[in-house]
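Architecture and fold: a report
For reference, the chains in residue letters:
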Amino acid sequence: IGQNVSTIEVKLMEEINNKEETYLGEWFGGMKQGFGLEVINKDLGLVYLGEFKKGLATGSGVLVLESGDRYSGVFKNGVPQGVIVVYYKNGDISI
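Calculation rules
- Residues numbered from 1 in each chain as written.
- Predicted model: local features only at pLDDT ≥ 70, side-chain atom pairs only at ≥ 80, totals over all residues.
- Heavy atoms only, no water.
- Helix = DSSP H or I, 4+ residues; strand = E, 2+ residues; numbered from the N terminus.
- Buried < 20%, exposed > 50% of the residue type's maximum accessible area, 1.4 Å probe, protein only.
- Contact = heavy atoms within 4.5 Å.
- Core = buried A, V, L, I, M, F, W, Y, C linked by side-chain atoms within 4.5 Å.
- pLDDT = per-residue confidence, 0-100.
- Polar contact = N/O pair within 3.5 Å; in protein donor to acceptor, adjacent residues only side chain to side chain.

Looking only at helices and strands, the protein features zero helices and eight strands. Each helix and strand of the protein, ordered N terminal to C terminal, gives the series β-β-β-β-β-β-β-β. The buried share of the protein, taken over its 95 residues, is 27%. Residue pairs in contact within the protein that sit at least 24 positions apart in sequence constitute 3% of those at least 6 positions apart.

Bringing the nonpolar core into the picture now. If you look at the biggest cluster of nonpolar residues, it comprises seven residues: Y23, W27, Y48, F52, A57, L63 and F75. At the level of elements, β2 (21-28), β4 (46-53) and β5 (56-64) are the ones that each hand at least two residues to this core. When near neighbours in sequence (up to four residues on either side) are disregarded, F52 contacts Y23, K32, Q33, G34, G36, L37, E38, A57 and T58.

Of the residues in the protein, 78% have a pLDDT of 70 or more, and the chain-wide mean is 81. A low-confidence stretch, residues 1-19 stays under pLDDT 50, and its non-local contacts, those more than four residues away or across chains, total 32 contacts.

What follows concerns the environment of K32. Of note, K32 is situated in strand β3 (residues 31-41). As for K32 and K54, which are separated by 22 residues in sequence, their C-alpha atoms are 6.2 Å apart. Within the local environment of K32, its side chain forms a polar contact with the side chain of E38, the two groups lying 2.7 Å apart.

Printed below as a string of structure tokens:
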């Protein structure tokens, strides 16, 4: 939004040494920016798929836990905001 696509740095895969994180997505100015998938911690099985702004999960996204449960909604600075829909592995859903 408001950015020229040709100026966005897109990297197919970037390995980050901090906490064994892996990020696949768009970059701008050396930070995660736009849409991407981040394996937050391999040991804990945390994965975030969604929008990033200034390196943090900000916008619509889904956080998947090791258990298979999924938290879907809006995130701001890496924290869920407002209404979050939880899809449990067993098929249950809660808001």
